[in-house]
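Architecture and fold: a report
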Amino acid sequence: MAFVPITSPITVSEKTIQLTGRRREVIQLQKSKRQARLHMTGAETSPEKGTVVGLGTVSIDYLAYVDSFPNPDDKIRAKLEVFGGGNAANTLTALARLGVPTSLVTAVGNDSNGSSIISELEADGVGLEFLTRVEGPSPFTYIIVDKAGTRTCIHTPAERGLQPDDIVGNMLHGASVLHLDGRHTEAAIALAKQANARNIPVTLDVEKDRPFLEQLLPLADHIITNSRYPFLFSPESCNLFDAMEELRKATSAKSITTTLGKDGCAVLFEEAASESDFPPQVQSVNDPQGRFIFSCAAEAVPHIVDTTGAGDAFIAGIICGIWNNPANYRKGVLHGARLGAKIAACKIQVPGARRGLPFKKDIDSRILEC
């Protein structure tokens, strides 16, 4: 299937889209500091397979299934179901089901929801030795899902999130990848700096601008985002590839992966990948500017039930690819994109963010272990 880059204008509010000069300065300063650390250590290769450590959010998801999204002042009926959720928790659950050792750094409240969150993650084999219980209620999200499978999320965060002081001990001992979902940003910065110092690759899921994110971006090796976020770095452009390139140049990222829903994803590298690095489902994009861009199609499914957590499922594939290929991140990301498409396709056919996540036995080993 031919891949067509996004070229139509994307409307974003001026408040959201402007990347101020000050923010660029902060990003460049963090980028320079990281490059200096890498130069001093001389580190180039990734650690061998170990644990995937994830820092981010967990929650309880209340999913309301409706025929159509309500208009203002409407009164409608819904079927309500309750599941575990949260970006990092979903991604690590997907990895654990594929046999990847995981450890989640997060915080939950001391309420019954917190206990339910812990029980569900433990049942899936997600390591919780670095989970913190805090006073107050746990995070929860109310999600409205219509018959087309689209969803609208209303999130209520915890009163207290992870803080830099919570990053204690040797959380990265035996780790081969650190994954961040863009939440608990100051704590994420502290842990990402540790990962950089140890040359542990850092993956970052970023959907929108958040406080202190400009300090976190330059610490990430692999950024996975949606089709809107890159335009924060190229507000005058209408071309997705241009925006992805500006995002890459503003950070130290080796790869930028942009999810495109039913159109799959686009991947941009800082350097060339050889033909042996990507599977048949991944295509090289003929870019007039000679950039190293690839596309991977989404996997067709007979019926979409619920897209909640689809991006988290896809990201698990990217991480698994990097985990499987510690010496070749380009092969890891591209094979991971193929795997991520498969995981996401399984997920969207079942309600909830996690119920449809496949297990190792459900995935062809040729896709899983490449």
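Scroll up to find the structure this text is about.
So, here's what we can say about the structure. Note that this is a predicted model, so its numbers are computed, not measured.

Rules used in this analysis
- Residues numbered from 1 in each chain as written.
- Predicted model: local features only at pLDDT ≥ 70, side-chain atom pairs only at ≥ 80, totals over all residues.
- Heavy atoms only, no water.
- Phe/Tyr/Trp six-rings, centres within 6.5 Å; stacked < 30°, edge-to-face > 60°.
- Helix = DSSP H or I, 4+ residues; strand = E, 2+ residues; numbered from the N terminus.
- Buried < 20%, exposed > 50% of the residue type's maximum accessible area, 1.4 Å probe, protein only.
- Lys NZ or Arg CZ within 6 Å of the ring centre and 35° of its normal.
- Core = buried A, V, L, I, M, F, W, Y, C linked by side-chain atoms within 4.5 Å.
- Contact = heavy atoms within 4.5 Å.
- Pairing = 2+ DSSP bridges.
- Axes fitted to C-alpha atoms, helices over the stretch in contact; angles between N-to-C directions.
- Salt bridge = Lys/Arg side-chain N within 4 Å of Asp/Glu carboxyl O.

**Focus on the packing of aromatic side chains**
Overall, the coordinates contain five aromatic pairs when judged by the stated rule. Ring centres 6.0 Å apart and planes at 70° place the aromatic pair phenylalanine 269 and tyrosine 329 in the edge-to-face group. On the criterion of sequence distance, the pair formed by phenylalanine 269 in strand E12 (residues 265-269) and tyrosine 329 in helix H9 (residues 329-347) is long-range, its members being 60 residues apart. Across the pair, tyrosine 329 and phenylalanine 269 agree in class, each one buried. Feature note: the residues Phe269, Phe278, Phe294 and Tyr329 constitute an aromatic cluster, connected by ring pairs. Taking the ring centre of tryptophan 323 as reference, the NZ or CZ of lysine 49 above it sits at 4.6 Å.

**Concerning the nonpolar core**
Within the largest apolar cluster, 45 residues are counted, with the highest numbers of intra-cluster contacts made by Leu55, Leu178, Leu180, Leu191 and Leu216. When residues of this core are traced back to their parent elements, those giving at least two are strand E1 (51-55), strand E4 (102-109), strand E8 (175-180), helix H5 (185-197), strand E9 (202-206), helix H6 (213-216), helix H7 (240-250) and E12. Once residues lying within four places of it in the same chain are set aside, the contact partners of leucine 55 are Ala88, Val105, Leu162, Ile167, His179, Leu180, Asp181, Arg183, His184, Ala187, Ala188 and Leu191. The next biggest cluster of nonpolar side chains, apart from the first, holds 35 residues, and it includes Ala273, Phe294, Ala316 and Ile367.

**Re the sheet that holds strand E11 (residues 255-259)**
Strand pairs in the sheet, formed through backbone hydrogen bonds, run parallel or antiparallel to each other. Taking strand neighbours across the sheet as the criterion, the ten strands line up as E5-E4-E1-E8-E9-E10-E11-E12-E14-E13 in an open arrangement whose pairing is mixed. The open sheet is flanked by strand E5 (127-134) and strand E13 (282-284), the only strands paired with a single partner. Across the sheet, the mean angle from the axis of one strand to that of its neighbour is 20°, orientation sign disregarded. The sheet contact formed by E8 and E9 spans three bridges and is parallel. Across the sheet, residue leucine 180 finds its bridge partner in E9, namely leucine 204. Sheet contacts for H5: E1, E4, E8 and E9; angle to E8, the most-contacted strand, approximately 155°. Where H7 meets the sheet, its contacts fall on strand E10 (222-225), E11, E12 and strand E14 (292-296), and the angle it forms with E12 comes to roughly 45°.

**Here we look at the pattern of salt bridges**
With the rule as written, the count across this model stands at 19 salt bridges. Among the salt bridges present, the one from glutamate 246 reaches lysine 249, with a minimum N-O distance of 3.2 Å. A residue pair is termed a helical-turn pair when its members lie 3 or 4 positions apart in one helix, as glutamate 246 and lysine 249 do in helix H7 at three residues. The exposure class assigned to glutamate 246 is partly exposed, which follows from its relative accessible area of 25%. Assessed through its relative accessible area of 41%, lysine 249 is described here as partly exposed. Across the pair lysine 361 and aspartate 362 runs a salt bridge whose closest N-O atoms are separated by 3.1 Å. Classification of lysine 361 by relative accessible area gives exposed; the value is 72%. When its relative accessible area of 40% is taken as the criterion, aspartate 362 is described as partly exposed. Within this structure, Lys79, Glu81 and Arg355 form a network of salt bridges that share partners.

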